[in-house]
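# Fold and contact review
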Amino acid sequence: MDEFIDFLQWPAMLVTLLAAYLIGSTNPKRRVFGFCTFIVSNILWIVWGVHDEAWALIALQTALMVTNIRGIFKNDHSSKASESA
């Protein structure tokens, strides 16, 4: 199990890069998917951080998860406003 958790940092990095790419989209649905993808990466990093006792990383990923959740709601609000305009 330790080897799997150690390996988890690589998928976490790839998911983070994919999320960053999606966030840059002009399509609101793709941006929301990007924020959701970032949340998956936050969870992966937190799991890895717990295993390695990387408490600062866990705190950072938790704070970033909150900003990603906020991004989902802000993006949803702005896309609804642009649809009604």
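Residues numbered from 1 in each chain as written. Predicted model: local features only at pLDDT ≥ 70, side-chain atom pairs only at ≥ 80, totals over all residues. Heavy atoms only, no water.

## Here's the deal with the overall build of the protein
Along the protein, the regular secondary structure elements total four helices and zero strands. Secondary structure elements of the protein, listed N to C terminal, follow the sequence α-α-α-α. The proportion of buried residues among the 85 residues of the protein is 32%. Summed over its atoms, the accessible surface of the protein is roughly 5,800 Å², and 70% of this surface lies on carbon and sulfur atoms. (Helix = DSSP H or I, 4+ residues; strand = E, 2+ residues; numbered from the N terminus. Buried < 20%, exposed > 50% of the residue type's maximum accessible area, 1.4 Å probe, protein only. Areas by Shrake-Rupley, 256 points an atom, 1.4 Å probe, with all protein chains shown as cover.)

## Focus: helix H2 (residues 9–23)
Over its 15 residues, H2 runs 21 Å from end to end, which matches the ideal 21 Å to within 8%, given 1.5 Å per residue. Turning to H2, its buried residues are Ala12, Ala19 and Leu22. In a view along the axis of H2, the buried residues occupy a sector of 85°, so they form one face of it. The exposed residues of H2 that point more than 90 degrees off its buried face are Leu14, Leu17 and Tyr21. Check the buried side of H2 and you find it contacts helix H3 (28–52). (Expected span 1.5 Å × (residues − 1). Arc of directions from axis to C-beta. Contact = heavy atoms within 4.5 Å.)

## Overview of a nonpolar patch on the surface
A cluster of nonpolar side chains, Phe7, Trp10, Met13, Leu14 and Leu17, forms an exposed patch at the surface whose accessible area comes to about 540 Å². At four residues, H2 tops the list of elements feeding residues into the nonpolar patch. Within the secondary structure layout, Leu17 lies in helix H2. For Leu17, a relative accessible area of 52% puts it in the exposed group. (Patch = residues over 30% accessible without salt bridge, like charges linked within 9 Å, V, L, I, M, F, W, Y side chains within 5 Å. Salt bridge = Lys/Arg side-chain N within 4 Å of Asp/Glu carboxyl O.)

## Thoughts on the packing of aromatic side chains
Per the counting criterion, the structure on display carries one aromatic pair. For the ring pair Trp45 and Trp48, a centre distance of 5.9 Å and an interplane angle of 90° mean the geometry is edge-to-face. Within this pair, Trp45 and its partner Trp48 are both found in helix H3, separated by three residues, close to a single helical turn. Pair check on accessibility: Trp45 and Trp48 agree, each one buried. (Phe/Tyr/Trp six-rings, centres within 6.5 Å; stacked < 30°, edge-to-face > 60°.)

## A few points about the environment of Ser41
Relative to the helices and strands, Ser41 resides in helix H3. Measuring from C-alpha to C-alpha, the distance between Ser41 and Leu17 comes to 9.2 Å, with 24 residues separating the pair along the chain. Residue contacts for Ser41: discarding those within four places in its chain leaves Ala12, Val15, Thr16 and Gln61.

## Structural notes on a negative patch on the surface
On the surface, Asp2, Glu3, Asp6, Asp52 and Glu53 cluster together into a negatively charged patch. Element by element, the count of residues in the negative patch is highest for helix H1 (residues 2–7), at three residues. Structurally, Glu53 is set in the loop between H3 and helix H4 (55–84). A relative accessible area of 55% means that Glu53 is categorised as exposed. (Lys, Arg positive; Asp, Glu negative; His and termini not counted. Charge placed at Lys NZ, Arg CZ, Asp CG, Glu CD.)

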